[in-house]
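The residues making up each chain are set out below.
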Amino acid sequence: MKKISLIPVLVVGVLLLYAADDFPEWGNPTAPASASSLSSHFISNTGVDTEVPNMVTAVLADYRGFDTMFETVVVFIAGMAVLAILKGSSGPFSKNKKYTSSIEPDLIVTNTVRLLVPVIQIFSFYVLAHGHVSPGGGFQGGVVMGASFIMIALSWDLETALVRFPLDKCFLVAALGIILYGGIGLLSMFLGGEFLDYAELANILPVSREMARYHAMLGVEIGVGLTVTAIMFALYANLSTEGKLKGGL
Amino acid sequence: MLKKKRKEQERKMKDSSFIPVLAETMTSSLNDLNIIQIFGFLLGVLGLIFFLGAAVGMLRFPDFYTRMHAAGKGDSMSTMLMLSGLGLVTMEDYSLGSWLVFVKIMGIVLFIYLTSPTSTHVLMKAAFEDNHMPLDEKDLKKAKGKKK
Amino acid sequence: MYPFVVFVLLLLNWIIFSGKFDAFHLGLGVISCLFVTWISQDFLFYDRSKGLKERMHEAWAFLCYIPWLTWEVVLANIHVLKLAMTNKGYMEMAPRVVTIKTILKTDFAKFVFANSITLTPGTITMLVRGDIIHVHVMSQFLEDDLLSGAIEKKVAEIFEPGVLQKA
Amino acid sequence: MIDWFAMLVGGSLFLFMVPLLYRIWVGPTAYDRILAVNVIGTKTAVLLVVIGALFDRVHMFVDFAIAYALLNFLASVVVSRYLNRTAAERNVEEKTKGARA
């Protein structure tokens with residue numbers, strides 16, 4: 001069986017390598033993706049509209065703000081669904097597991113994690129805050145931040161991590177992220193624009209209309225980051241223990 | 001059809017000119033190398049040699065624990081050497097920005113210095129508690145005898 | 001006092017990551033460093049009873065320890081290269097497990113000691129239980145080298161000078 | 001200069017990964033496989049910096065390399081922890097069976 005599975009892998013690999021030759025060059029202006037009218041619009045207007053150097057962030061958080069907002073909502077709903085199914089479950093999932101063993105935390109791993117966790121958290125904030133200038137943003141920063149909490153749970157046990165980030169606080173933070181995102185949208189609506197039309201925020205911020213978009217995008221990214229962090233950790237905590245929140249992986 | 005032809009022409013041109021161009025750039029760039037870049041280049045090649053050692057060790061050594069020695073050491077060392085070599089080579093102008101990038105690369109090196117022994121230890125501990133006993137001298141001699 | 005030290009270290013970290021020196025990005029950095037200091041400052045510097053002067057001394061000694069360790073790492077790799085590439089080295093291989101008892105008391109010193117063992121030639125820390133350390137060793141020569149306790153003495157000099165005087 | 005150096009390092013990295021792939025394919029125990037995956041993961045961090053050097057965007061790719069090294073460490077801890085746990089559970093099970101018999 002193992003040897004048969006090698007054949008499709010090799011075939012697909014060779015096909016992919018063969019197809020890679022037909023890719024357009026990096027930054028080729030005549031490539032189909034950059035020749036369409038939509039991308040030329042974005043390329044010529046992003047700098048004028050928003051003063052954000054990273055076009056991807058501008059498209060993600062501004063031009064397609066609705067899309068990103070409901071993506072965040074989907075992440076939130078996934079967390080809620082897992083909680084709804086697994087909370088207080090003691091029956092069918094855990095029946096075949098008679099023994100629970102506790103592993104004592106390892107000295108070397110805990111000390112390494114002690115040194116790493118603050119650095120990782122600073123890195124996640126850096127990824128979040130520099131989404132305008134370099135690749136990054138709310139989703140990526142949130143994942144790295146959530147990974148730092150998962151790391152704590154892995155090296156001690158889940159209880160230690162839950163003392164730092166209790167599950168009820170988790171969902172509070174996740175909801176806060178969505179409220180922040182929607183709140184910025186509503187605020188710009190009250191100031192006379194449309195929903196998620198950040199330029200109107202210039203009325204209350206002491207900056208120009210373009211810079212208002214820049215700052216509002218940062219706020220939106222922070223909202224996304226909060227939600228993703230909390231849901232990542234909540235998913236791990238619930239899925240690894242089948243909703244019992246004891247022991248962990 | 002036309003597109004295909006053009007592409008073929010392009011490819012032919014590339015093929016015919018690739019090696020001479022490479023040689024030309026090599027000779028011309030060797031002339032204006034500075035000493036830091038040569039040092040970085042040497043570090044990178046040294047890292048490759050150590051990585052070759054690690055890979056061969058992974059292939060040749062008899063059991064998991066001895067392979068661990070090859071992987072855990074050769075891997076971290078070659079990564080460190082290659083990264084610092086790349087950091088030195090890619091430093092073109094010595095402005096503050098390029099220094100910061102170099103410091104960041106050294107940050108990865110420090111990160112690997114810290115995490116590599118830890119993950120080695122963790123894997124070894126897991127294997128040991130899973131009742132995989134390491135080979136001792138007698139078993140090893142048997143295995144060597146078989147190979148002959 | 002310790003939270004402030006953690007904050008300064010994290011801010012240095014942020015500046016290396018960010019590489020931007022305008023007020024906006026630095027302000028974001030200060031805010032996020034304050035936040036991280038708030039949520040996880042108790043991870044760093046576990047033993048808070050030591051004074052700042054002692055810590056400075058420790059940090060300096062540790063920085064001096066790193067070049068020595070790096071040299072050991074280079075030796076380790078040449079050793080592995082010899083074992084992997086030459087037949088004679090392969091024949092010399094005689095793996096075994098050695099148990100040693102450390103004189104180190106604190107967790108962090110044990111951690112540095114265990115990781116140094118892993119990085120130096122032909123030895124990997126397998127288990128740490130209390131002050132007993134099990135080490136997987138590649139050959140007789142390396143076992144003698146390990147049992148002489150050179151690394152342990154170096155680590156003890158950095159973190160626990162008191163222990164060394166007693167012993 | 002940078003180009004051909006990066007090409008050399010990247011190509012050789014790929015070449016030397018072949019023995020590790022063999023170890024993943026054959027590897028008698030699960031631990032051998034994880035070990036080889038871990039080594040390849042560490043090398044991928046280097047490869048990311050190499051790609052950055054090829055595209056003249058080292059400052060950008062260094063961030064990816066940091067994130068990748070972090071996730072690689074996390075992966076090895078997770079897998080070994082999982083195997084550790086299953087082994088402990090198996091031991092307990094065997095002991096209780098022996099007691100009953």
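Note that the structure is a prediction, hence the values are computed from the model and not measured.

### So, the overall build of chain A
Helices and strands together make up the secondary structure of chain A, namely 10 helices and 0 strands. Its helices and strands taken in sequence order, chain A reads α-α-α-α-α-α-α-α-α-α from the N to the C terminus. Restricting the contact set of chain A to residue pairs at least 6 apart, pairs at least 24 apart contribute 66%. Accessible surface computed for chain A: about 12,500 Å², of which carbon and sulfur atoms make up 69%.

### Here we look at the interface of chain D and chain B
Each partner contributes to the interface: chain D provides 44 residues, whereas chain B provides 44 residues. In total, about 4,400 Å² of surface goes out of reach between chain D and chain B, with carbon and sulfur atoms giving 79% of it. Taken together, chain D and chain B are joined by 3 salt bridges. One salt bridge connects D75 of chain B with K43 of chain D, and the closest N-O pair in it is separated by 2.7 Å. Taken together, the links from chain D to chain B amount to 8 residue pairs in polar contact (both at pLDDT 80 or more).

### Focus: the pattern of salt bridges
All names here are of chain A. Evaluation of the coordinates by the stated rule reveals 9 salt bridges over all chains. For R213, the salt bridge identified is with D62, shortest N-O distance 3.5 Å. With R213 in helix α10 (residues 209-241) and D62 in helix α4 (residues 55-63), the pair connects residues that are 151 residues apart, well separated along the chain. Like R213, the residue D62 is buried in the burial classification.

### With respect to the sheet that holds strand β1 (residues 96-101) of chain C
Strand order in the open sheet formed by 3 strands is β1-β3-β2 (chain C), with antiparallel pairing between adjacent strands. Taken across any chain shown, the strands that pair with only one partner, and hence form the sheet edges, are β1 and β2 (123-129) of chain C. Here the average twist between neighbouring strands, direction ignored, is 25°. The sheet strands contacting helix α3 (residues 64-89) of chain B are β2 and β3 (132-137) of chain C, and the helix crosses β2 of chain C at an angle near 110°.

### A short note on the packing of helix α3 (residues 52-85) of chain C against helix α5 (residues 107-119) of chain C
Residues and elements named next belong to chain C. It is at 9 Å that the axes of α3 and α5 come closest, and there the two elements cross at 30°. One finds that α3 runs roughly parallel with respect to α5. Across from F62, Y65, L69, V73 and A76 in α3, the residues of α5 making contact are V112, S116 and L119. Of the residues contributing to the contact of α3 with α5, the split by class is 7 nonpolar, 1 polar and no charged.

### A word on empty space enclosed by the protein
Following the criterion strictly, the structure yields 3 cavities of 30 Å³ or more and no others. There is about 200 Å³ of room inside the largest cavity. What lines the largest cavity is a set of 20 residues, among which D75, S116 and S119 of chain B together with N38 and T42 of chain D lie closest to the centre. Residue assignment for the lining of the largest cavity shows that the elements contributing at least two residues are α3 and α4 (96-129) of chain B together with α2 (30-54) and α3 (58-100) of chain D. Per element, the largest residue contribution to the lining of the largest cavity is 7 residues, and it comes from α4 of chain B. Grouping the amino acids of the lining of the largest cavity by side-chain chemistry returns 9 nonpolar, 10 polar and 1 charged. As a volume, the second largest cavity reaches approximately 150 Å³.

### Topic: a nonpolar patch on the surface
A contiguous nonpolar patch, built from L6 and L10 of chain A, L59 of chain B together with Y22, W25 and V26 of chain D and spanning about 520 Å² of accessible area, is present on the exposed surface. For the nonpolar patch, the elements supplying multiple residues, two or more each, are α1 (2-20) of chain A together with α1 (2-26) of chain D. With 3 residues, the top contributor of residues to the nonpolar patch is α1 of chain D. Mapped onto the elements of the fold, W25 of chain D is located in helix α1. Classification of W25 of chain D by relative accessible area gives partly exposed; the value is 32%.

### A few points about the interface of chain A and chain D
At the interface, 24 residues of chain A touch 25 residues of chain D. Taking both partners together, chain A and chain D bury about 2,400 Å²; carbon and sulfur atoms supply 73% of that area. Linking chain A with chain D are 0 salt bridges. Across the chain A-chain D interface, the total number found is 3 residue pairs in polar contact (both at pLDDT 80 or more). Listing elements by their share of the side of chain A that touches chain D, those giving two or more residues are α1, α6 (107-129) and α7 (138-155) of chain A.

### Digging into unusual backbone geometry
Residues and elements named next belong to chain D. The residue D56 is not glycine, and still its phi comes out positive at about 65°. Note on placement: D56 falls in the loop between α2 and α3. Classification of D56 by relative accessible area gives exposed; the value is 60%.

### What about the environment of I178 of chain A?
Residues and elements named next belong to chain A. Tracing the backbone shows I178 in helix α9 (residues 167-190). Judged by its relative accessible area of 19%, I178 falls in the buried class. Setting aside residues no more than four positions away along its own chain, I178 makes contact with T72, V73, F76 and T227.

### Regarding α3 of chain B
Over its 26 residues, α3 of chain B runs 36 Å from end to end, which matches the ideal 38 Å to within 8%, given 1.5 Å per residue. The buried fraction of α3 of chain B amounts to 26 of the 26 residues, a majority that puts the element mostly inside the structure.

### Considering the pairing of β3 of chain C
All names here are of chain C. As defined by bridge partners, β1 adjoins β3 across 6 bridges and the pair is classed as antiparallel. Directly across from V97, in β3, lies its bridge partner H136. Relative to β3, β2 runs antiparallel, the two sharing 6 bridges. By the bridge assignment, T125 is partnered in β3 with V135. Here β2 folds back onto β3 in antiparallel fashion, the turn holding 2 residues, of which G130 has a positive phi close to 65°.

What counts, and at which threshold
- Residues numbered from 1 in each chain as written.
- Chains lettered and ligands numbered in written order.
- Predicted model: local features only at pLDDT ≥ 70, side-chain atom pairs only at ≥ 80, totals over all residues.
- Heavy atoms only, no water.
- Helix = DSSP H or I, 4+ residues; strand = E, 2+ residues; numbered from the N terminus.
- Contact = heavy atoms within 4.5 Å.
- Areas by Shrake-Rupley, 256 points an atom, 1.4 Å probe, with all protein chains shown as cover.
- Buried area = accessible area lost by both parts, 1.4 Å probe.
- Salt bridge = Lys/Arg side-chain N within 4 Å of Asp/Glu carboxyl O.
- Polar contact = N/O pair within 3.5 Å; in protein donor to acceptor, adjacent residues only side chain to side chain.
- Buried < 20%, exposed > 50% of the residue type's maximum accessible area, 1.4 Å probe, protein only.
- Pairing = 2+ DSSP bridges.
- Axes fitted to C-alpha atoms, helices over the stretch in contact; angles between N-to-C directions.
- Parallel < 35°, antiparallel > 145°, perpendicular 65-115°, else oblique.
- Nonpolar A, V, L, I, M, F, W, Y, C, P; charged D, E, K, R; others polar.
- 1 Å grid on protein atoms, 1.4 Å probe; cavity = no way out; pocket = protein on both sides within 12 Å on 5 of 7 lines; lining within 4 Å.
- Points joined across faces, edges and corners; volume = space filled by probe spheres on them.
- Patch = residues over 30% accessible without salt bridge, like charges linked within 9 Å, V, L, I, M, F, W, Y side chains within 5 Å.
- Expected span 1.5 Å × (residues − 1).

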